[in-house]
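Residue strings, one per chain:
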Amino acid sequence: MVTEYLHVSVAYVGASEQILRNLEARNGTCVMEVIEQSGILSQCPEIDLAVNKVGIFGKMAKLDQALEDGDRVEIYRPLIADPKTARKRRAADSRVLENTAGQPG
């Protein structure tokens, strides 16, 4: 049985706030439409959908992707640092600490 309305949510975690909006949307509504309906764009002017990526339950999605009942649309903040570079830096820092442990300071 196909329902006329979907129950979906939109999530965004900003630098100082977490937002989760539960919405009813018409069957056939796309990601962009439900983001606009949520009001998050006016509440969080730092969101630029030309820059911020979006996904559904942690998997990247396009703004024109149709939603299914129960979907959670997520708006991601831009990365501050490349994850691979950050991992390498942490590994190098831990090697330095291991090499200096036990040495007189």
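Coordinates for the structure precede this section.
Below is a summary of the structure that appears in this document. Just so it is clear, the structure is predicted and the values come from calculations on it, not from any experiment.

Here is what the cut-offs are and how they apply
Residues numbered from 1 in each chain as written. Predicted model: local features only at pLDDT ≥ 70, side-chain atom pairs only at ≥ 80, totals over all residues. Heavy atoms only, no water. Helix = DSSP H or I, 4+ residues; strand = E, 2+ residues; numbered from the N terminus. Buried < 20%, exposed > 50% of the residue type's maximum accessible area, 1.4 Å probe, protein only. Contact = heavy atoms within 4.5 Å. Areas by Shrake-Rupley, 256 points an atom, 1.4 Å probe, with all protein chains shown as cover. Pairing = 2+ DSSP bridges. Axes fitted to C-alpha atoms, helices over the stretch in contact; angles between N-to-C directions. Salt bridge = Lys/Arg side-chain N within 4 Å of Asp/Glu carboxyl O. Arc of directions from axis to C-beta.

The helix and strand inventory of the protein chain stands at three helices and five strands. Along the chain direction, N to C, the helices and strands of the protein chain fall in the order β-β-α-α-β-β-β-α. Evaluated residue by residue, the protein chain yields a buried proportion of 30% over its 105 residues. For the protein chain, long-range pairs separated by at least 24 residues make up 45% of all intrachain contacts whose partners lie at least 6 apart in sequence. Accessible surface, the protein chain: about 7600 Å² in total, of which carbon and sulfur atoms supply 53%.

This part covers the sheet that holds strand 2 (residues 18-26). The sheet built from five strands is open, its strands ordered 2-1-5-3-4 with mixed pairing. Two strands close off the open sheet at either side, each with one partner strand: strand 2 and strand 4 (59-61). Direction aside, the axes of adjacent strands within the sheet are offset by 30° on average. Pairing between strand 3 (residues 54-56) and strand 5 (residues 72-75): three bridges, direction antiparallel. Paired with G55 across the two strands is E74, which belongs to strand 5. Packed on one face of the sheet, helix 1 (residues 31-38) meets strand 1 (5-13), strand 2, strand 3 and strand 5 and runs near 115° to strand 2.

Let us look at the pattern of salt bridges. Evaluation of the coordinates by the stated rule reveals two salt bridges. The shortest N-O distance in the salt bridge between R26 and E4 comes to 2.8 Å. Pair noted here: R26 is in strand 2 and E4 is in the segment before strand 1, with a separation of 22 residues, a long-range link. In this structure, R72 and E74 form a salt bridge, with 2.4 Å as the shortest nitrogen-oxygen distance. Since its relative accessible area comes to 30%, R72 is described here as partly exposed.

The next subject is helix 1. Along an α-helix, residues three or four apart share an orientation, since each turn contains 3.6 residues. Among the residues of helix 1, V31, V34, I35 and S38 are the ones counted as buried. Down the axis, helix 1 shows its buried residues gathered within 105° of arc, on one side only. Looking at the packing, one finds that the buried side of helix 1 touches strand 1, strand 2, helix 2 (40-43), strand 3 and strand 5. Positioned one or two residues after helix 1, G39 has a phi angle of 80°, which is positive.

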